[in-house]
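Read off the chains here:
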Amino acid sequence: MPYQLNPDRYFSVNHDQRNLARQLYELVKDLPIISPHGHVDPALFSRPDATFGTPTDLFIIPDHYVFRMLYSQGIPLESLGIPRIDGGSVEQDHRKIWQIFADNYYLFRGTPSGGWIDHALHVNLGVQERLTGENAQKIYDHIQDRLNSPEFQPRQLLASLNIEVLCTTDAATDTLADLQTMRRQGFEHNIFPTSRPDALINICAPDWLRQVEQLAQVSGIDVVNFNSFLQALQQRRGFFKQMGAHATDHGVLTAYTNPLSEAEAGTIFRHALAGVASPQEEAAFTGHMLIEMAHMSIEDGMVMQIHVGALRNHNPYIFHTFGRDKGADIPIASEFTQNLKPLLDQYGTDPRLNIILFTVDEDVYSRELATLAGVYPSLKVGPPWWFHDSPNGMRRYFDQILETAGFYNTAGFNDDTRAFLSIPARHDVWRRVSCDWLAGMVLQGRIDEEDAPEIAADFACRLAKRAYHFE
Amino acid sequence: MPYQLNPDRYFSVNHDQRNLARQLYELVKDLPIISPHGHVDPALFSRPDATFGTPTDLFIIPDHYVFRMLYSQGIPLESLGIPRIDGGSVEQDHRKIWQIFADNYYLFRGTPSGGWIDHALHVNLGVQERLTGENAQKIYDHIQDRLNSPEFQPRQLLASLNIEVLCTTDAATDTLADLQTMRRQGFEHNIFPTSRPDALINICAPDWLRQVEQLAQVSGIDVVNFNSFLQALQQRRGFFKQMGAHATDHGVLTAYTNPLSEAEAGTIFRHALAGVASPQEEAAFTGHMLIEMAHMSIEDGMVMQIHVGALRNHNPYIFHTFGRDKGADIPIASEFTQNLKPLLDQYGTDPRLNIILFTVDEDVYSRELATLAGVYPSLKVGPPWWFHDSPNGMRRYFDQILETAGFYNTAGFNDDTRAFLSIPARHDVWRRVSCDWLAGMVLQGRIDEEDAPEIAADFACRLAKRAYHFE
Amino acid sequence: MPYQLNPDRYFSVNHDQRNLARQLYELVKDLPIISPHGHVDPALFSRPDATFGTPTDLFIIPDHYVFRMLYSQGIPLESLGIPRIDGGSVEQDHRKIWQIFADNYYLFRGTPSGGWIDHALHVNLGVQERLTGENAQKIYDHIQDRLNSPEFQPRQLLASLNIEVLCTTDAATDTLADLQTMRRQGFEHNIFPTSRPDALINICAPDWLRQVEQLAQVSGIDVVNFNSFLQALQQRRGFFKQMGAHATDHGVLTAYTNPLSEAEAGTIFRHALAGVASPQEEAAFTGHMLIEMAHMSIEDGMVMQIHVGALRNHNPYIFHTFGRDKGADIPIASEFTQNLKPLLDQYGTDPRLNIILFTVDEDVYSRELATLAGVYPSLKVGPPWWFHDSPNGMRRYFDQILETAGFYNTAGFNDDTRAFLSIPARHDVWRRVSCDWLAGMVLQGRIDEEDAPEIAADFACRLAKRAYHFE
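A quick note: this is a predicted structure, and the numbers were derived from the prediction, not measured.

1. With respect to the overall build of chain A
Then, in step 1: Scanning chain A from terminus to terminus reveals 19 helices and 11 strands.
Then, in step 2: Since a compact globule built from 471 residues should have a radius of gyration of about 23 Å, the 23 Å found for chain A is in line with a globular shape.
Then, in step 3: Across the 471 residues in chain A, those meeting the buried criterion constitute 56%.
Then, in step 4: In chain A, of all internal contacts separated by at least 6 residues, the share reaching a separation of at least 24 is 76%.

2. As for the interface of chain A and chain C
Then, in step 1: Counting residues at the interface gives 42 residues for chain A and 39 residues for chain C.
Then, in step 2: Counting residues per element, the side of chain A that touches chain C draws most heavily on helix α3 (residues 64–72) of chain A, at four residues.

3. Looking at the relation of the copies chain C and chain B
Then, in step 1: Mapping chain C onto chain B is achieved by rotating through 120 degrees and translating by 0.0 Å along the same axis, at an RMSD of 0.0 Å. These values place the two chain copies in the arrangement generated by a three-fold rotation axis.

4. Observations regarding the packing of helix α1 (residues 15–28) of chain A against helix α18 (residues 422–443) of chain A
A pair of packed helices is captured by two measures, namely the crossing angle of their axes and the spacing between those axes.
Residues and elements named next belong to chain A.
Then, in step 1: Packing of α1 against α18 leaves a shortest axis separation of 8 Å and a crossing angle of 130 degrees. What the angle tells us is that α1 and α18 run oblique. Pair α1 / α18 crosses with right-handed handedness. Counted together, D16, Q17, L20, A21, L24, Y25 and V28 of α1 and R431, R432, C435, D436, L438, A439, G440, V442 and L443 of α18 form the full contact between these two elements.
Then, in step 2: Split by residue class, the contact of α1 with α18 holds 10 nonpolar, two polar and four charged.

5. What about helix α1 (residues 15–28) of chain B?
Then, in step 1: Taking 1.5 Å per residue, 14 residues should reach 20 Å; α1(B) reaches 20 Å between its end C-alpha atoms and fits that length.
Then, in step 2: Where α1(B) is buried, its residues contact α18 (422–443) and α19 (452–467) of chain B.

6. As for the sheet that holds strand β2 (residues 163–167) of chain B
Picture the strands of a sheet paired through backbone hydrogen bonds; they go either parallel or antiparallel.
All names here are of chain B.
Then, in step 1: Reading across from one edge, β1-β2-β4 is the order of the three strands in this open sheet, with parallel pairing throughout. Edge positions in the sheet fall to β1 (33–35) and β4 (191–192), since each has one partner strand and no second.
Then, in step 2: In terms of strand pairing, β2 meets β4 through two bridges, oriented parallel. Following the sheet pairing, C167 is matched in β4 by F192.

7. Focus on the packing of helix α16 (residues 364–373) of chain C against helix α17 (residues 391–405) of chain C
Residue and element names in this part refer to chain C.
Then, in step 1: Relative to each other, α16 and α17 sit at 40 degrees, their axes nearing to 8 Å. Judged by the inter-axis angle, α16 sits oblique to α17. When the axes of α16 and α17 are compared, the crossing they make is right-handed. The segment α16 lies against α17, with Y365, S366, L369, A370, T371 and A373 engaging R396, Y397, Q400, I401, T404 and A405.
Then, in step 2: Within the contact of α16 with α17, the residues separate by chemical class into seven nonpolar, four polar and one charged.

8. Looking at the domain arrangement of chain A
Residues and elements named next belong to chain A.
Then, in step 1: As assigned here, chain A comprises domain 1 (15–50 + 153–467) and domain 2 (51–152).
Then, in step 2: For domain 1 and domain 2, the distance between their C-alpha centres works out to 27 Å.
Then, in step 3: Contact residues are listed per partner, giving 24 residues for domain 1 and 22 residues for domain 2.
Then, in step 4: Elements with a minimum of two residues in the side of domain 1 that touches domain 2: α7 (154–160), α14 (316–322) and α18.

9. A word on the sheet that holds strand β2 (residues 163–167) of chain C
Then, in step 1: If you trace the three strands from one edge of the open sheet to the other, you get β1-β2-β4 (chain C), paired in parallel fashion. One side of each edge strand has no neighbouring strand; the edge strands of this open sheet are β1 (33–35) and β4 (191–192) of chain C.

10. Structural notes on the interface of chain C and chain B
Interface size is often expressed as the accessible area that is lost when the parts come together.
Then, in step 1: The interface is formed by 42 residues belonging to chain C together with 39 residues belonging to chain B.
Then, in step 2: Listing elements by their share of the side of chain C that touches chain B, those giving two or more residues are α3 (64–72), α5 (112–124), α14 (316–322), β9 (330–331) and α17 of chain C.
Then, in step 3: Looking at which element gives the most residues to the side of chain C that touches chain B, the answer is α3(C), with four residues.
Then, in step 4: When the residues that make up the side of chain C that touches chain B are grouped by side-chain class, the tally is 20 nonpolar, 14 polar and eight charged.

11. Re the relation of the copies chain A and chain C
Then, in step 1: Rotating chain A by 120 degrees and moving it 0.0 Å along the rotation axis overlays it on chain C with an RMSD of 0.0 Å.
Then, in step 2: Little of the interface of chain A is mirrored in chain C, where only 5% of its interface residues again form contacts.

12. Observations concerning the nonpolar core
Then, in step 1: Counting 438 residues, the largest nonpolar core has A:L438, B:L438 and C:L438 as its most contacted members.
Then, in step 2: Those residues in contact with B:L438 that lie beyond four places of it in its chain are B:L24, B:I447, B:A452, B:I455 and B:A456.

13. Re unusual backbone geometry
Then, in step 1: Unlike most non-glycine residues, A:D325 shows phi in positive territory, near 55 degrees.
Then, in step 2: One can find A:D325 in the loop between α14 and β9 (330–331).
Then, in step 3: Residue classification places A:D325 among the partly exposed residues on the basis of 14 C-beta atoms within 10 Å.
Then, in step 4: Located in the positive-phi region is B:L176, a residue other than glycine, with phi close to 55 degrees.

14. Brief notes about helix α12 (residues 262–273) of chain C
Residues and elements named next belong to chain C.
Then, in step 1: Helix length check: α12 (12 residues) gives 16 Å between terminal C-alpha atoms against 16 Å at 1.5 Å per residue, within 8%.
Then, in step 2: Along α12, the positions that sit buried rather than exposed are A265, I268, F269 and A272. Angularly, the buried residues of α12 cover 100 degrees about the axis, an arc narrow enough to put them on a single face.
Then, in step 3: On its buried face, α12 sits against α10 (208–219), α11 (226–242) and α13 (279–300).
Then, in step 4: Where α12 terminates, the next one or two residues include G275, which has phi positive at roughly 75 degrees.

15. Some thoughts on the confidence of the model for chain A
Then, in step 1: With 100% of its residues at a pLDDT of at least 70, chain A reaches an overall mean of 97.
Then, in step 2: ipTM for the predicted complex: 0.97, alongside a pTM of 0.97.

16. A look at the environment of A:I356
Residue and element names in this part refer to chain A.
Then, in step 1: Structurally, the position occupied by I356 is in strand β10 (residues 355–359).
Then, in step 2: Residue I356 is classed as buried on the basis of its 26 C-beta neighbours within 10 Å.
Then, in step 3: Between the alpha carbons of I356 and I100 there is a distance of 39 Å; along the sequence they are 256 residues apart.

17. Things to note about the environment of A:D451
Then, in step 1: Checked against the element boundaries, A:D451 lands in the loop between α18 and α19 (452–467).
Then, in step 2: In this structure the C-alpha to C-alpha distance between A:D451 and A:G87, which are 364 residues apart in sequence, comes to 57 Å.

18. Observations concerning the pairing of strand β6 (residues 247–252) of chain C
Residues and elements named next belong to chain C.
Then, in step 1: Counting buried positions along β6 gives six out of six residues, so the element sits mostly inside the fold.
Then, in step 2: Bridge count for strand β5 (residues 194–196) against β6 is two bridges, and the pairing is parallel. Bridge assignment links S195 to a residue of β6, and that residue is T248.
Then, in step 3: Both β6 and strand β7 (residues 303–308) contribute to a ladder of six bridges, which runs parallel. Bridge pairing in β7 links T248 to M304.

The rules we used
- Residues numbered from 1 in each chain as written.
- Chains lettered and ligands numbered in written order.
- Predicted model: local features only at pLDDT ≥ 70, side-chain atom pairs only at ≥ 80, totals over all residues.
- Helix = DSSP H or I, 4+ residues; strand = E, 2+ residues; numbered from the N terminus.
- Rg over C-alpha atoms; globule rule 2.2 N^0.38 Å.
- Buried ≥ 20, exposed ≤ 12 C-beta atoms within 10 Å, placed from the backbone.
- Contact = placed C-beta atoms within 7 Å.
- Least-squares fit on C-alpha atoms with pLDDT ≥ 70 in both.
- Axes fitted to C-alpha atoms, helices over the stretch in contact; angles between N-to-C directions.
- Parallel < 35°, antiparallel > 145°, perpendicular 65-115°, else oblique.
- Left-handed = near helix turned anticlockwise from the far one by under 90°.
- Nonpolar A, V, L, I, M, F, W, Y, C, P; charged D, E, K, R; others polar.
- Expected span 1.5 Å × (residues − 1).
- Pairing = 2+ DSSP bridges.
- Domains from an automatic or database assignment.
- Core = buried A, V, L, I, M, F, W, Y, C linked by C-beta atoms within 7 Å.
- Arc of directions from axis to C-beta.
- pLDDT = per-residue confidence, 0-100.

If you want it as structure tokens, here you go:
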């Protein structure tokens, strides 16, 4: 008998709750996927005949959730084919890498990554056995075969997976060449860019000057002072908006905001251009720029996403050997109540402003995020982020945020993934967990049963559409 | 068929737990209500024929839980009849306001406010349909009719709702005129004042000097220095105690305590009288005054309530336009272990001291509050406060505090409400959730079944009575 | 009918989950107990005929969990026989103390201490009634009778309780005389020392110089500067390792680490020897020594345990009257992400380093501990510590850590107890709660049922064995 995932996975162990959860899930499981924030590479869609490569290309090399876990148990990243930035030699044999992965697949027991991969293997790719060290090569063959088939071409999958909206995340200086290519080819209907200006804000970063030069070049605006810098940023926002962007994205270590005077901002910017800005100036500049960008959001209507609290590249060995975004970002405690106040004092009650807040610090859920979103018209709570995009993370999110913020001050779900085939799996987990949570609320008499189907659909799609202006 | 609330609301979805919870609940649901901390306006009871006004007067205008949620979705407070402090025009038509509320009642799905209002509508007021935009005016008529009836006069309700103890919260300078009126009329048996001296402690507040003048006036003590200030405070405590007070209440941003020398305190007080006290001096003064007031508590036996961590009036637009206590207070992280140590070093082991601690930061439940109350004879943990007075908030409270603090180092329940008709609803939620939690503990073999009825009654009344010296 | 504990205690109320939990529990309940971290006095085992003394000696006097709760309700420690450090008079009549305990046993309802004592009374000691004030003396007699029997001699119990590994915690300067005695007597096979050098690191403590002298004496190395200090520490590590130690233990208020230059460390050490080191220097020294000791761990292979965040001796009255370790240590918030970075930058990726992290701040579970252990090969998360070694504490641990860290980046269970007879009880709670948690994961389709028995055994023994190198 072929191996099958539990059809009631992620539902409660209680029969009544499970039965009601299943009914609600049936109503929403096939609704289109709205993916308003993520990191899929648009190049996947720029050629009609692009493919995902090997099973190792699909599941391991782009997915830092996967290789960080293997690394944490002493498996070198080189042996997993993660490219070194010095071009040094790493394992090239994708079958060998896959074998290591399969031999150590027990490490993913009970983890969200394990659940997503199981979903991809057994639901999307039709694998009929549990992955083990023994059957690793056979399953490799099976997957490779599927990936070579026309229906597994990325563009095909967008349609067959019913992905109605897919937003990418792009440097603010990006020319969106892949998207332009798609547009020229007439394929672009459901892919939208997102402008992320972080590299232009982090004025102490070694490559900041290069970033500013690039900004000047793509915007056609000579960036010589703070004023022309703002103009160039606005030019890029205009370009992104014209290319279909609905939102910008801002990654910051803290939510600190504080307005500078024009003179102060100008001075710091001059120091930055001269390469002498201090870390204190960088922090002050970031705190000011969040306010400037809130102002720009009010003007151009783009939604402002703020991701707070990930200390990037915590492991210097990984950073120096393999580069950014390799799974070694670690959360720190966040603070929103006092840090966001200066921004909110200025713009928080403006009905044109739409800020979506993300945190990797669950401690602020009930204390700060729910309470702020529960009073400020400009604020919504983003979905459980990163490590917390997991069944338990979602339950904590539902339990700790919704009583105070209410359902309608939240932004639904994002998958936020670099691993394309985890998109359907992640949305499926969210739909299952939200339906199960709703079922529990109904059975406890806290939600009217007749309201539940509408709320289930809100969680599945509508809250995200509304928060990101896709309806 | 008339609409009915689920008779098993807030109980577990598990049948065994639900059945036992229901049995325990039956034992305590009709016990008298002990409300040792709240914000009901005593003027409601100062005239025998007072009424609650319109449904909008009852449910919307005094309840910041309600209007903050509507505001968070972009509905102006003016349109909800919230009075502006400049006397500017706001909606006067209570039927229109009620219609807005009903049209947007879906925003309260799954929120504690929604649960309390449903309880008031369907249990207390006999409404037989769910509130919708369509039936809003019909239900308004029904409620108005009930509110006009003699049994809905506030004094009648105190008796029919079985409220055995109702404590108000009053400025330390208050002359308690309403209570004096009741006393003259022979109606006062179950209403008790609580002295809240915050306005006299916040020496940088714009109206502090006026507060001190008022203190001098009502106490008959010329407040010319720190010493006479303390004497005047003590005089007021004596007056409150004579008027029936069992407790004082102290709202502070942090739990910081630190003793000043007499000379230091005197100097800061002089600066304050001269209008030149700095924020640092205010913080030092507050930290000293908590210790002074602990000392006074030891002497006069009044229970000391300390509420920590609400950053008041976070939204300046709401504050400047509508004033204090309009739902825009936002929690910050709290710290008790180090902040309370100086006070506890001095008085923490004195058996005459009774401090009840409240926080809006659930992160300190298991880390600090439970561990401190589990060792200091002078400390008890107050009930889940404010945003956390909710079914999930209560469950987190039970789960995170009771293992370490034990049941008998907690202070039972307070409703802490400005909305009179949410009192029975809030106590009912507490009784349901505590009975359900107990049922779960019994079924997991963690509480003996024979002890459960006594513990259920402890939660319902006795812990509060004991903590506030009402038995 | 004799009183019996619920055979399904700590399992879920849900029948399916309970049934599966019971099946898993049956597989692991009789596995040997691995106790790699604890505080049992080795003197108990140094004479073949040692006994536990009276019931009061067994249950009350050594167990600060017990007497802190009684004290929190106003019962003086003197009346419980806790020895005063001034030798002042305390209750000597152990029957009177037992009576107070029994009269107040209701205070332990729903607490982990209550559960452990019930386990000892009804499972280990064969008591057949619930302990009450009425039957207190009869039960005292019963227990005394059992404690006087040969099978309750400590050495016998080690075998009959199936304790395969028992690690003690010992000052780094300890000569391990009791263990040497056992070794000479040929009894030592399962008792292992653990070196705890804290008293040598806290350079501002009043007895530090005396500690250093003792270090010099036992190591035979003249400690005259930082270099000879390190040598003497290494000598002791060598001695402990030779005596069977697998680990060291480090208690610190914060996880702060920061390397000093040799010159800086030398200067601080000179100041310490001269008795003029400042608290800032002590903090810097501690932060440096954690790094030095990580280096030593790499060299000698001993596992490094770091316990963070307990503010010791919070209650000065208890500290000055009764001394250390009397239940008045209170947690503070912890930070690991930034504090451990300097240490991890230097050694975090070294496969020879094994650090086990403990916290009393659950807020860092999902935010910091799980994420750090999920990427660094040198880090494992220790079990729920102290107040959190409880059924709910374990559930929070499982729910908040395992999704991100995975099972195999954790260190199983420790009992960490001073109360010998709580060892089997604590391990039993862990086995029950972990099996129940696993059962829930299986029924939610998140763990394969066929993997569950292996994982249950991992939790019960193997993770601890692996983390502490006992396999």
